[in-house]
Structure formats: structure tokens, C-alpha cells
Amino acid sequence: MTEASVKRRSWALWLPLVVFGLFAALFLWGLVRTKDDTVPSRLVGRPLPAFDLPAATDGKPGLKHADLADGKPRLLNVFASWCIPCAAEAPQLARLAAAGVEVEGVAIRDHREDLAAFLQRNGNPYHRIGADDLGKLQIAIGSSGVPETYVIDGKGVIRYQHIGDITPDDVALLQAKLKEAAL
Amino acid sequence: MSRLLLVIVLALTLLPSVAARADDTMPPAPYAYRQLDDPKLEAKAQGLMETIRCLTCQSQSIADSDASIAGDMRSQIRERIAAGEEPEAIRAWLVERYGDYITYTPRVTSLTWPLFAAPVAILLVAALLLRRRFGRGERNGGPQA
């Protein structure tokens, strides 16, 4: 063996350890990083699909895609009476509605009487509420759960998706996104 | 260690409440728990459902999950298959909405191509190394006849 090949071998001897170290680092990183379970919709930036939902409650009309393309940006809130975070975000939706934001609701898999009781209890910030009994619209807009809130611009294009309940800290962000959508 | 224990105990006590809050009382969608009458179409639908991820229970397929959104997806898939749609078209429709995460069958993209290229590359390197080794053996006289 020449001196050069001996040198090469001693270097190669460490290679498995280096590879092992790389894998160990990868696993460790996988263990300590915080896991993000949210599945964002890929339809942000694209127009809403066509839909026409019947009214979910007395006194509020149903919802169709044309209602969301009248030149005014608004919020589309996907919610349900059986969803606890939806009750938690109700005060924030009320604040947004009081500030002049039009909030449209989509009630997922909801009984009419349950929904009426929910609105009685938590207030009704909605302009219209469509009933999505089989989750059809929910899947069509890439929503993976309740509650979710979409910012829709005046042309009916999805501009932003908020996953989970709207906390008091999120109100300003949503208002900023609505302002952006109005431009 | 005690912190780990605390986390485990907390997780165990909190889990039931997390599961309970995703409960609606609506009856399941028409084809969530009902097979299609045509066994050929049902097999097509089943094949697709087994490779679509449930969004609520993210390590299960929608075929395995009782989450309501999984039932809704099963029902939609069966209805669309019955209407003559191809499973891959429905998969593409779902990927368009939820991204690659929704499907368990990986696609070749700019991000995933190394997964498909790596086995080929490793085989090539192995073939090269083996040829060098056996080639050298032959040069040194090969097997003694």
C-alpha cells in the first residue's frame, strides 16, 4: 500500500461515524422542533369555488359565492355550534362586526336548533349564515377544521386564511388583512 | 424526568377533552359508512380512500378514521367515483386544496425527487464498487482453476 492510500483509508474510517452523527443530529432536531399540525388551504390567492348554501337559521339568509364578490372585502367564518373554540372566538367576531366588518358564516354539520341556541348564547355577528351539512364547502375551500376564518376580497378571491379561533391578539391582524384586500 | 412525567400525566388527562370537543351530532354523510353497490367502483374508491390522509387524525387514512370530516370526504369520494370520476383526478383535486400532505402516495416534485433518485444513485455506486472489486480480483489472477 502506498502512503496516499493509507491516508485515504484512515479518512474513510471516520465516514460511518460522521454519517451516524448527521443522522443523530437530524433525529434530535426532529424531536425538539415544535410540531405544526395545521394544514393550510392552498386556495389562498385563488377565487372561491361556486357554491350555494341554504340558510342555516331563521332571520339570516343563506350564502352563495356571488354574495362574496360584490366589491367589498369581508370575512368568511367557518364554524359550528358543537365547536368550543368557536364560542371562544365569538367576542372577537362581535368586535370585528361592530367595527363595520361584514362577517359571513358557514355552519358545519349543525342542527338548526343547536345553531339557534349557540347564536342566542354567544351573539350573532353574522350577516348571512349558510348551512354546510355534509362539509362540502369546507372541503372545497381547503378547510381542515373549525373554526377557520378566510379573508375574501371584493372579487371573491381568498386572500388570507386564519386557522383556529380568533384570539384578541388576532383582531388587528385580520383588520390589516381586510385593509390589504380592499386595495 | 419529573417534568416528563408531568407532561405524560397532563397529556393523558387532557386527551379525552380534546377528543370530545370535535363531536357533532349530525348523522354521517350518505356514503360515509355505506359502500357503493358496484363492487368494482367501491374497490376504486377504497383504493383512493386508503391513501388520503385524515386531517383530524393526521396519521390515519380517511378509510380508517371516524372523524366527521373523514366521513364527509369518504362520502364525496364515493359519490364522485360513482359519477364516473377517476381516482387520480379526485386526488389531484384534493391536493389542489390541501397540498401534498393530504396524500400518502408521494409525487415527484422539485422537493421530493431526491427520494426517487437516491435508490438509483446508490445502486449505481454499488455496481461501480462491485465491478472495481471483482475486476481487481480477475486482474490478480482470478479464481485458480
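Within each chain, residues carry numbers counting from 1 in the order of the written sequence. Key to labels: chains lettered from A, ligands numbered from 1, both in the order written. Per-residue local features are limited, in this predicted model, to residues with pLDDT of at least 70; the limit for side-chain atom pairs, both in listing and counting, is 80 or more; totals at the level of whole chains, interfaces and linings are taken over all residues.

Under an unreviewed UniProt entry, the name given to chain A is DsbE family thiol:disulfide interchange protein, and the organism recorded is Novosphingobium aerophilum. UniProt positions are given in the numbering used here, feature names are shortened, and annotations may be inferred rather than shown by experiment. Quoted verbatim from the Subcellular location (unreviewed entry) field of UniProt, the annotation for chain A is "Cell envelope".

Caption draft 1: Quick peek at the overall build of chain B. Per the convention used, a helix needs a DSSP run of H or I reaching at least four residues, while a strand needs a run of E reaching at least two, with both numbered from the N terminus. When helices and strands are tallied, chain B shows five helices and zero strands. Shown N-terminal to C-terminal, the secondary structure of chain B runs as helices and strands in the order α-α-α-α-α. Taking all 145 residues of chain B together, 19% fall into the buried category. We call two residues in contact when the distance between their C-beta atoms, placed using the backbone, is within 7 Å. Here the contacts in chain B between residues at least 6 apart in sequence split such that 52% fall between residues at least 24 apart. Here the C-beta atoms are placed from the backbone, and a residue counts as buried if at least 20 other C-beta atoms lie within 10 Å of its own, exposed if 12 or fewer do, and partly exposed otherwise.

Caption draft 2: Here's a closer look at the sheet that holds strand 3 (residues 74–79) of chain A. All names here are of chain A. We call two strands paired when DSSP finds no fewer than two bridges between them. One open sheet accounts for five strands, arranged 5-4-3-6-7; its pairing is mixed. Where the open sheet ends on each side, the last strands, each with one partner, are strand 5 (126–132) and strand 7 (158–163). Shown here is a sheet whose adjacent strand axes are inclined to one another by a mean of 20°, direction ignored. Along the sheet, helix 7 (residues 170–182) makes contact with strand 3, strand 6 (148–152) and strand 7, crossing strand 7 at roughly 170°. Lines are fitted to the C-alpha atoms to define the axes, a helix being fitted only along its stretch in contact, and any angle between axes, read from their N-to-C directions, falls within 0 to 180 degrees.

Caption draft 3: A look at unusual backbone geometry. Residue and element names in this part refer to chain A. Put simply, Val146 and Pro147 share a cis peptide bond, and its omega is -10°. Structurally, Pro147 can be placed in the loop between helix 6 (136–140) and strand 6. In this structure, Arg109 takes a positive phi of about 45° despite not being glycine. Residue Arg109 is classed as buried on the basis of its C-beta count, with 26 C-beta atoms lying within 10 Å.

Caption draft 4: Representation of the domain arrangement of chain A within the structure. Annotation comment: domain bounds sourced from an automatic or database domain assignment. Taken domain by domain, chain A comprises domain 1 (3–32) and domain 2 (52–182). Its C-alpha centre places domain 1 of chain A at a distance of 53 Å from the equivalent point of domain 2 of chain A.

Caption draft 5: Structural context of the interface of chain A and chain B. At the junction of the two partners, chain A supplies 19 residues and chain B supplies 20 residues. Residue polarity is assigned by list, with Asp, Glu, Lys and Arg as charged and Ala, Val, Leu, Ile, Met, Phe, Trp, Tyr, Cys and Pro as nonpolar; anything else, Gly included, falls into the polar class. A per-class count over the side of chain A that touches chain B returns eight nonpolar, six polar and five charged.

Caption draft 6: View of the nonpolar core. Grouped together as the largest cluster of nonpolar side chains are 37 residues, with contacts concentrated most on Phe79(A), Ala80(A), Val106(A), Ala107(A), Val146(A) and Ile152(A). Going through the elements one at a time, strand 3, helix 4 (90–98), strand 4 (103–108), helix 5 (112–122), strand 5, strand 6 and helix 7 of chain A are the ones with two or more residues in this core. Those residues within four positions of Phe79(A) in sequence are excluded, and the remaining contacts are Cys86(A), Gly105(A), Ala107(A), Val146(A) and Pro147(A). Core membership is restricted to buried Ala, Val, Leu, Ile, Met, Phe, Trp, Tyr and Cys residues, and these are joined into a nonpolar core through C-beta atoms within 7 Å. By size, the runner-up hydrophobic cluster in this structure holds 17 residues, among which are Ala45(B), Ile52(B), Met73(B) and Ile77(B).

Caption draft 7: The arrangement of the domain arrangement of chain B in detail. In terms of domains, chain B is made up of domain 1 (26–107) and domain 2 (108–145). On a C-alpha basis, the centres of domain 1 of chain B and domain 2 of chain B stand 41 Å from each other.

Caption draft 8: Molecular detail of helix 5 of chain A. All names here are of chain A. Within helix 5, burial applies to Leu115, Phe118 and Leu119. Each buried residue of helix 5 lies within a common arc of 95° when the element is viewed along its axis, so the set occupies one face. Exposed side chains of helix 5 directed beyond 90 degrees from the buried face belong to Glu113, Ala117, Gln120 and Arg121. Just downstream of helix 5 lies Gly123, where phi reads positive at about 90°. Starting at the helix axis, one direction is taken to each C-beta atom, and the arc is that of these directions.

Caption draft 9: Region of interest: the environment of Gly84(B). Residues and elements named next belong to chain B. Residue placement: Gly84 occurs in the loop between helix 3 (68–82) and helix 4 (87–98). A tally of 7 C-beta atoms within 10 Å means that Gly84 is categorised as exposed. When the C-alpha positions of Gly84 and Phe134 are compared, they lie 56 Å apart, and in sequence the two are 50 residues distant.

Caption draft 10: Layout of helix 3 of chain B. Here helix 3 of chain B contains 15 residues, and its C-alpha end-to-end distance of 21 Å stays within 8% of the 21 Å for a straight helix at 1.5 Å per residue. Counted residue by residue, helix 3 of chain B has 12 buried out of 15 residues, so it is predominantly covered. Of the residues making up helix 3 of chain B, those classed as buried are Ser68(B), Ile69(B), Ala70(B), Gly71(B), Asp72(B), Met73(B), Arg74(B), Ser75(B), Gln76(B), Ile77(B), Arg78(B) and Ile81(B). Buried-residue contacts for helix 3 of chain B involve helix 6 of chain A together with helix 2 (39–49) and helix 4 of chain B. Remark: Gly84(B) follows helix 3 of chain B within two positions and exhibits a positive phi of approximately 100°. What a helix is expected to span follows from its residue count: subtract one and scale by 1.5 Å.

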